2 protein chains.
Amino acid sequence: MKVAKFGGSSVANGNQIEKIGAIIKSDPERKFVIVSAPGKRHQDDTKMTDLLIQLGNIAFQDKPYMDNLNVIMNRFSEIVEELRISPSILDDIKNNIQEIINNNESDQMKMDALKSIGEDSSAKLVSEYLKTIGLNARYLNPKDAGIIVSNEPGNAQILPESFSELYKLRQYEEIAVIPGFFGFTKEGKLMTFSRGGSDITGSIVAAGIKAKLYENFTDVDSVYTVNPSIVSNPKEITTLTYKEMRELSYAGFSVFHDEALIPAFQQKIPVCIKNTNNPDAPGTMIISEKNKSRKCVVGIASSKGFSSLYVSKYLMNREVGFGRKLLQILEKESISFEHAPSGIDEMSVIIRNSQLSAAKEEVIVNRIKEELHPDRITFHRDLAMIMIVGEGIVSTLGIAQKATTALTDAHVNIEMINQGSSEVSIMFGIQSEGLNRAIPSLYNAFFGS
Amino acid sequence: MKVAKFGGSSVANGNQIEKIGAIIKSDPERKFVIVSAPGKRHQDDTKMTDLLIQLGNIAFQDKPYMDNLNVIMNRFSEIVEELRISPSILDDIKNNIQEIINNNESDQMKMDALKSIGEDSSAKLVSEYLKTIGLNARYLNPKDAGIIVSNEPGNAQILPESFSELYKLRQYEEIAVIPGFFGFTKEGKLMTFSRGGSDITGSIVAAGIKAKLYENFTDVDSVYTVNPSIVSNPKEITTLTYKEMRELSYAGFSVFHDEALIPAFQQKIPVCIKNTNNPDAPGTMIISEKNKSRKCVVGIASSKGFSSLYVSKYLMNREVGFGRKLLQILEKESISFEHAPSGIDEMSVIIRNSQLSAAKEEVIVNRIKEELHPDRITFHRDLAMIMIVGEGIVSTLGIAQKATTALTDAHVNIEMINQGSSEVSIMFGIQSEGLNRAIPSLYNAFFGS
């Protein structure tokens with residue numbers, strides 16, 4: 001029994017939904033289908049969810065919203081025509097939207113309901129289409145499926161009782177098509193998950209029905225060993241462990257939001273990343289235990305946009321609480337940090353640039369000077385992080401040597417190395433300008449022929 | 001105007017004190033001489049300070065102590081004979097000791113006074129000897145010199161008013177011979193510094209008189225680039241910065257206690273490590289600012305005897321306060337730690353073995369399991385730390401590559417790397433068993449021909 005989740009690009013138009021049909025038909029184990037809202041059909045297109053948010057922002061202020069509603073209905077209508085399914089579904093969608101706009105709930109609750117229309121309608125369209133190609137499919141509302149969540153609009157959390165409810169779905173004869181992104185409270189109120197929430201639904205359903213496999217269909221053939229926008233045609237990753245996936249996601253890999261996978265991970269359900277447009281490609285398997293025979297380094301992730309705050313003070317290590325006080329100053333400015341490596345008389349704090357502003361930087365520097373009297377304090381901007389990831393990296397001879405040689409050969413100075421805190425990765429900090437030299441050189445060292 | 005401090009081996013017998021005489025005579029700028037208590041004359045000898053502590057432990061319990069006193073007096077008597085100075089000094093020393101034993105102070109105060117006899121007598125012997133070779137020398141008691149300290153027997157701290165008092169000594173005609181290791185409270189009570197306290201006195205006097213140079217005479221020609229017990233005849237270090245010295249001291253270099261130098265460092269007084277037995281050797285200069293033209297890596301320090309505690313928990317980085325709670329558990333067991341590098345879902349804490357016991361280890365592991373529910377917790381014993389030290393290391397291309405290549409060539413697996421938290425060092429953690437392969441290979445890479 002498999003759960004197949006399809007992302008926004010897989011339901012963007014009729015042609016894409018036909019591909020879903022072929023995929024489901026090709027494997028009778030695919031009994032659960034989770035769908036996102038229609039995504040972009042081309043670079044400049046707008047995602048359905050964003051259209052719905054725009055509609056809400058206008059309608060909830062009692063402004064005329066018919067133009068916005070028409071744009072939305074036209075997109076659904078196009079899909080209905082392309083798939084040659086009954087247009088009665090369109091009235092159903094339109095009624096749903098108008099009911100939400102006109103009801104007496106708070107704007108926040110109404111927006112959550114409106115946002116869910118994208119996924120909900122996708123599920124209805126897909127299930128209707130699957131029937132037309134001879135599959136025994138049905139739309140299954142998250143309430144009927146048993147997806148019970150906390151009362152937190154826009155950030156709902158799954159409640160544990162959901163899983164036993166979901167397990168009962170195993171008895172279904174039909175192929176269940178479930179909209180992603182939302183659930184219902186015990187009181188029956190609709191709540192959406194955080195953004196990327198269709199991945200969450202897929203993972204919850206896979207955990208609940210104890211699926212043999214959770215297939216996550218996207219628009220790439222696999223997870224790649226390195227960012228394809230830096231190295232062209234990089235090798236594909238065939239298997240990854242959860243831990244490796246998490247380290248890769250952390251530093252810039254964005255196949256999906258790794259936290260969404262938690263429910264599946266907790267049940268040790270293997271996850272497969274596949275391509276709707278090329279379903280015969282093997283994809284990337286994400287598993288809980290590593291395969292011993294495999295090559296040690298599986299991928300190289302990288303990300304720009306970090307800064308480091310460096311503070312030195314002679315005899316810092318005798319000054320009890322220095323580090324804590326420094327971190328408290330950052331906390332006061334609502335800055336969360338990534339790493340805080342410390343030396344004897346020195347401390348660095350690595351921060352994502354998105355956490356900083358010129359004003360905050362000034363406040364921080366002044367407070368540190370006044371309260372901690374450092375010998376020196378500097379901000380180092382334009383830092384990029386590189387993660388070399390692989391289970392067993394810590395116990396394999398020569399990995400650090402290979403990496404540092406590759407960086408030196410590329411004339412990239414290494415600002416930071418953090419090895420040993422993680423068993424599955426080595427982290428390097430370099431100047432951002434060197435990233436496009438560093439990554440190809442590292443790729444060549446670890447994956448070149 | 002220079003301050004020359006002589007360690008225990010330099011005053012261990014008459015022959016050594018004659019060398020001091022020659023050193024002082026050779027440079028009229030050497031106007032201040034600080035001396036330790038007589039040290040070991042040979043491997044199995046006992047240091048004077050330890051003999052005095054033994055004496056106190058017996059005498060303060062009203063047990064017969066004459067045998068112990070005789071051993072002490074015989075050592076002083078031998079030196080007097082060797083130097084052919086007046087034996088009247090011996091009565092003076094003996095009276096001092098018996099006065100201390102018989103007075104009504106607390107045992108703690110009496111022990112402090114007794115411990116100071118070693119340095120005090122050394123200073124008297126040396127000043128008498130200097131006179132016999134035609135130098136205008138005089139013994140100067142720390143009270144008369146103006147070394148004013150806090151009321152903490154065995155751990156006295158210098159008070160700031162001392163420095164202006166000491167500055168007045170610049171007007172002295174004579175060469176002042178001052179005993180190291182102790183000072184007096186404002187109320188006139190004798191207090192010793194922590195062990196290694198003669199270095200503290202030297203540094204205080206150098207700062208107080210604003211010396212041109214503080215010479216620290218020991219029994220080695222210089223600070224070496226690497227531990228001479230691992231690599232034979234290693235290269236000498238000609239100049240070091242304070243920061244470099246501190247990093248080297250931290251991981252096993254033990255030329256002197258680096259904190260003793262703080263008063264001298266604060267006044268930016270250069271320090272020279274020299275050999276009493278080979279005073280013509282240039283020694284090692286320790287200065288505040290680096291010499292730009294110098295080679296980047298100045299030394300490689302190493303030390304066995306570390307352990308690492310490794311804790312991993314999936315999604316640790318979302319669990320607010322995980323790291324703090326872990327460190328609090330260690331704090332509860334009075335364990336201070338050296339480094340605590342953290343990854344996304346993992347954290348390591350590096351601890352000196354001396355901080356641990358099997359019982360404490362069990363308590364810690366159990367508490368972490370109960371309170372933090374980690375996925376995995378392991379203790380990794382037999383860890384050695386290697387520090388590659390040099391100002392400018394962070395901005396020099398290829399240092400990490402050179403080091404990791406040297407370690408890999410020596411078949412040493414790298415457990416940890418910490419680069420970037422310090423601007424003057426890279427730290428490596430390896431298994432202790434590999435240290436004797438690692439250090440020669442690193443030495444060769446950085447200092448080989």
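- As recorded by an unreviewed UniProt entry, chain A carries the name Aspartokinase and is attributed to Virgibacillus salinus.
- Quoted straight from UniProt, the Catalytic activity (unreviewed entry) entry for chain A says "L-aspartate + ATP = 4-phospho-L-aspartate + ADP".
- Heading Sequence similarities (unreviewed entry) of the UniProt record for chain A holds this comment: "Belongs to the aspartokinase family."

### Points about the overall build of chain A
For step 1, the next point in the chain: A tally of regular secondary structure across chain A gives 14 helices and 15 strands.
For step 2, the next point in the chain: Relative to the 2.2 N^0.38 estimate, which gives 22 Å for 449 residues, the radius of gyration of chain A is 25 Å and therefore close to what a compact globule would have.
For step 3, the next point in the chain: C-alpha atoms of chain A, sized along the principal axes, occupy 75 × 55 × 40 Å.
For step 4, the next point in the chain: Residues classed as buried in chain A amount to 58% of the 449 residues present.
For step 5, the next point in the chain: Intrachain contacts of chain A at a sequence separation of at least 6 include 74% that bridge at least 24 residues.
For step 6, the next point in the chain: Taken as a whole, chain A presents about 18400 Å² of accessible surface, with 46% of it coming from carbon and sulfur.
For step 7, the next point in the chain: One way to put it: in chain A the 49 positive side-chain charges average out to a point 4 Å from where the 55 negative ones average out.

### Re the UniProt feature "domain: ACT" (unreviewed entry) in chain A
For step 1, the next point in the chain: Those residues carrying the UniProt feature "domain: ACT" (unreviewed entry) are residues 388-449 of chain A in this numbering.
For step 2, the next point in the chain: The straight-line gap between the two end C-alpha atoms of residues 388-449 of chain A is 18 Å; of that span, 39% is helix and 21% is strand.

### Considerations on the interface of chain A and chain B
For step 1, the next point in the chain: Contact with chain A, which involves 47 residues of that partner, is made by 48 residues of chain B.
For step 2, the next point in the chain: Buried area between chain A and chain B, summed over both chains or domains, comes out near 4200 Å², and the portion from carbon and sulfur atoms is 51%.
For step 3, the next point in the chain: Ranking the residues of chain A by area buried against chain B places A:Arg246, A:Tyr314 and A:Ile344 at the top, with a combined share of 16%.
For step 4, the next point in the chain: One can count 4 salt bridges joining chain A with chain B.
For step 5, the next point in the chain: A:Asp345 serves as the salt-bridge partner of B:Arg246, at 2.5 Å between the closest nitrogen and oxygen.

### A word on the environment of A:Ile237
All names here are of chain A.
For step 1, the next point in the chain: Along the chain, Ile237 turns up in the loop between β7 (213-218) and β8 (239-241).
For step 2, the next point in the chain: Its relative accessible area of 4% is what places Ile237 among the buried residues.
For step 3, the next point in the chain: Considered as a pair, Ile237 and Ser222 are 15 residues apart in the sequence and their alpha carbons are 6.7 Å apart.
For step 4, the next point in the chain: With residues up to four places along the chain from it excluded, the contact list for Ile237 reads Ser222, Val223, Tyr224, Thr225, Leu248, Gly283, Thr284, Val298 and Gly299.

### A closer look at the packing of helix α1 (residues 14-25) of chain B against helix α3 (residues 66-83) of chain B
Residue and element names in this part refer to chain B.
For step 1, the next point in the chain: Interhelical geometry of α1 versus α3 gives an angle of 55° and a closest axis separation of 8 Å. As judged from the angle between their axes, α1 and α3 are oblique. Crossing geometry of α1 relative to α3 is assigned as right-handed. Across the interface between the two elements, Gly14, Asn15, Ile17 and Glu18 from α1 touch Ile79, Glu82 and Leu83 from α3.
For step 2, the next point in the chain: Of the residues assigned to the contact of α1 with α3, the class counts are 3 nonpolar, 2 polar and 2 charged.

### Topic: the UniProt feature "binding site: ATP" (unreviewed entry) in chain A
Residues and elements named next belong to chain A.
For step 1, the next point in the chain: UniProt tags Lys5, Phe6, Gly7, Gly8, Thr218, Asp219 and Tyr224 as "binding site: ATP" (unreviewed entry).
For step 2, the next point in the chain: Structurally, the position occupied by Gly7 is in the loop between β1 (2-6) and α1 (14-26).
For step 3, the next point in the chain: In this structure, Gly7 is in contact with Ser36 and Phe217, ignoring residues within four places of it in sequence.
For step 4, the next point in the chain: Mapped onto the elements of the fold, Gly8 is located in the loop between β1 and α1.
For step 5, the next point in the chain: Residue contacts for Gly8: discarding those within four places in its chain leaves Ser36, Ala37, Pro38 and Gly39.

### Some points on helix α14 (residues 435-447) of chain B
Residues and elements named next belong to chain B.
For step 1, the next point in the chain: With 13 residues, α14 ought to run about 18 Å at 1.5 Å a step, and its terminal C-alpha atoms sit 17 Å apart, in line with that.
For step 2, the next point in the chain: Within the sequence span of α14, burial applies to Leu435, Ala438, Ile439, Ser441, Leu442, Tyr443, Phe446 and Phe447.
For step 3, the next point in the chain: Buried positions along α14 lie against β11 (299-312), β13 (376-389), α13 (399-409) and β15 (425-431).

### Quick word on the pairing of strand β10 (residues 284-287) of chain A
In regular strands, side chains alternate between the two faces of the sheet.
Residues and elements named next belong to chain A.
For step 1, the next point in the chain: Residues Thr284 and Ile286 of β10 are buried on one face, while the alternating residues Met285 and Ile287, pointing to the opposite face, are not.
For step 2, the next point in the chain: Summarising the sheet, β8 and β10 pair through 3 bridges and their orientation is parallel. The residue of β10 that forms the bridge with Thr241 is Ile287.
For step 3, the next point in the chain: Here strand β9 (residues 271-275) pairs with β10 via 3 bridges, running antiparallel. The residue bridging Cys272 from the neighbouring strand is Met285, located in β10.

### What to know about the nonpolar core
For step 1, the next point in the chain: Formed by 56 residues in total, the largest nonpolar core has its most connected members in A:Ile386, A:Ile388, B:Ile386 and B:Ile388.
For step 2, the next point in the chain: Residues contacting B:Ile386, with those up to four places away along its chain left out, are B:Ile300, B:Ala301, B:Ser302, B:Leu407, B:Ile426, B:Met427, B:Phe428, B:Ile430, B:Leu435, B:Ala438, B:Ile439 and B:Leu442.

### Side note on the relation of the copies chain A and chain B
For step 1, the next point in the chain: By a simple turn and slide, chain A fits onto chain B: the slide is 0.0 Å along the axis, the RMSD is 0.1 Å, and the turn is 180°. In the structure described here, the two chain copies are related by an operation that fits a two-fold rotation axis. For chain A, the minimum C-alpha distance to the rotation axis belongs to A:Asn418 and amounts to 2.7 Å.
For step 2, the next point in the chain: Residue by residue, 100% of the interface of chain A is reproduced at the interface of chain B, so both copies engage with the same surface.

### Topic: the environment of B:Glu361
Residue and element names in this part refer to chain B.
For step 1, the next point in the chain: Of note, Glu361 is situated in helix α12 (residues 358-372).
For step 2, the next point in the chain: In this structure Glu361 comes out as buried when scored by relative accessible area, which is 17%.
For step 3, the next point in the chain: Between the C-alpha atoms of Glu361 and Lys210, which are 151 residues apart in sequence, the distance is 49 Å.
For step 4, the next point in the chain: When sequence neighbours within four positions are dropped, the list of residues in contact with Glu361 reads Phe379 and Arg381.
For step 5, the next point in the chain: Of note is the side chain of Glu361, whose polar atom sits 2.3 Å from the side chain of Arg381.

### Observations regarding the packing of aromatic side chains
For step 1, the next point in the chain: Per the stated rule, a full pass over the model turns up 8 aromatic pairs over all chains.
For step 2, the next point in the chain: Taking the centre distance of 6.0 Å and the plane angle of 70° together, the rings of B:Phe182 and B:Phe184 count as edge-to-face.
For step 3, the next point in the chain: The exposure class of B:Phe182 is buried, given its relative accessible area of 1%.
For step 4, the next point in the chain: Directly above the ring of A:Phe184 sits A:Lys143, whose terminal nitrogen or CZ lies 4.9 Å from the centroid.
For step 5, the next point in the chain: Stacked on the ring of B:Tyr139, the Lys or Arg B:Lys124 has its end atom at 5.4 Å from the ring centre.

### Quick word on empty space enclosed by the protein
For step 1, the next point in the chain: For the coordinates displayed, the defined rule picks out 5 cavities of 30 Å³ or more.
For step 2, the next point in the chain: Size it by volume and the largest cavity reaches roughly 70 Å³.
For step 3, the next point in the chain: Lining of the largest cavity is provided by 13 residues; of these, A:Asn418, A:Ser421, A:Ser422, A:Ser425 and B:Gly343 occupy positions nearest its centre.
For step 4, the next point in the chain: Looking at the lining of the largest cavity, the elements that each hand over two or more residues are β14 (416-419) and β15 (425-431) of chain A.

### Details of the sheet that holds β14(A)
Whether parallel or antiparallel, the strands of a sheet pair through hydrogen bonds between backbone atoms.
For step 1, the next point in the chain: Judged by pairing direction, the sheet is antiparallel, and its 10 strands sit side by side in the order β12(A)-β11(A)-β13(A)-β15(A)-β14(A)-β14(B)-β15(B)-β13(B)-β11(B)-β12(B) without closing on themselves. Here the strands that pair on one side only, and so sit at the sheet edges, are β12 (346-352) of chain A together with β12 (346-352) of chain B. The mean inter-strand angle of the sheet, taken between neighbouring strand axes irrespective of direction, is 30°.
For step 2, the next point in the chain: Relative to β15(B), β13(B) runs antiparallel, the two sharing 7 bridges. Paired with B:Leu383 across the bridge in β15(B) is B:Gln431.
For step 3, the next point in the chain: Contacts from helix α14 (residues 435-447) of chain A reach β11 (299-312), β13 (376-389) and β15 of chain A, with the element oriented near 130° to β11(A).

Here is what the cut-offs are and how they apply
Residues numbered from 1 in each chain as written. Chains lettered and ligands numbered in written order. Predicted model: local features only at pLDDT ≥ 70, side-chain atom pairs only at ≥ 80, totals over all residues. Heavy atoms only, no water. UniProt positions renumbered as here; feature names shortened; annotations may be inferred. Helix = DSSP H or I, 4+ residues; strand = E, 2+ residues; numbered from the N terminus. Rg over C-alpha atoms; globule rule 2.2 N^0.38 Å. Buried < 20%, exposed > 50% of the residue type's maximum accessible area, 1.4 Å probe, protein only. Contact = heavy atoms within 4.5 Å. Areas by Shrake-Rupley, 256 points an atom, 1.4 Å probe, with all protein chains shown as cover. Lys, Arg positive; Asp, Glu negative; His and termini not counted. Charge placed at Lys NZ, Arg CZ, Asp CG, Glu CD. Buried area = accessible area lost by both parts, 1.4 Å probe. Salt bridge = Lys/Arg side-chain N within 4 Å of Asp/Glu carboxyl O. Axes fitted to C-alpha atoms, helices over the stretch in contact; angles between N-to-C directions. Parallel < 35°, antiparallel > 145°, perpendicular 65-115°, else oblique. Left-handed = near helix turned anticlockwise from the far one by under 90°. Nonpolar A, V, L, I, M, F, W, Y, C, P; charged D, E, K, R; others polar. Expected span 1.5 Å × (residues − 1). Pairing = 2+ DSSP bridges. Core = buried A, V, L, I, M, F, W, Y, C linked by side-chain atoms within 4.5 Å. Least-squares fit on C-alpha atoms with pLDDT ≥ 70 in both. Polar contact = N/O pair within 3.5 Å; in protein donor to acceptor, adjacent residues only side chain to side chain. Phe/Tyr/Trp six-rings, centres within 6.5 Å; stacked < 30°, edge-to-face > 60°. Lys NZ or Arg CZ within 6 Å of the ring centre and 35° of its normal. 1 Å grid on protein atoms, 1.4 Å probe; cavity = no way out; pocket = protein on both sides within 12 Å on 5 of 7 lines; lining within 4 Å. Points joined across faces, edges and corners; volume = space filled by probe spheres on them.

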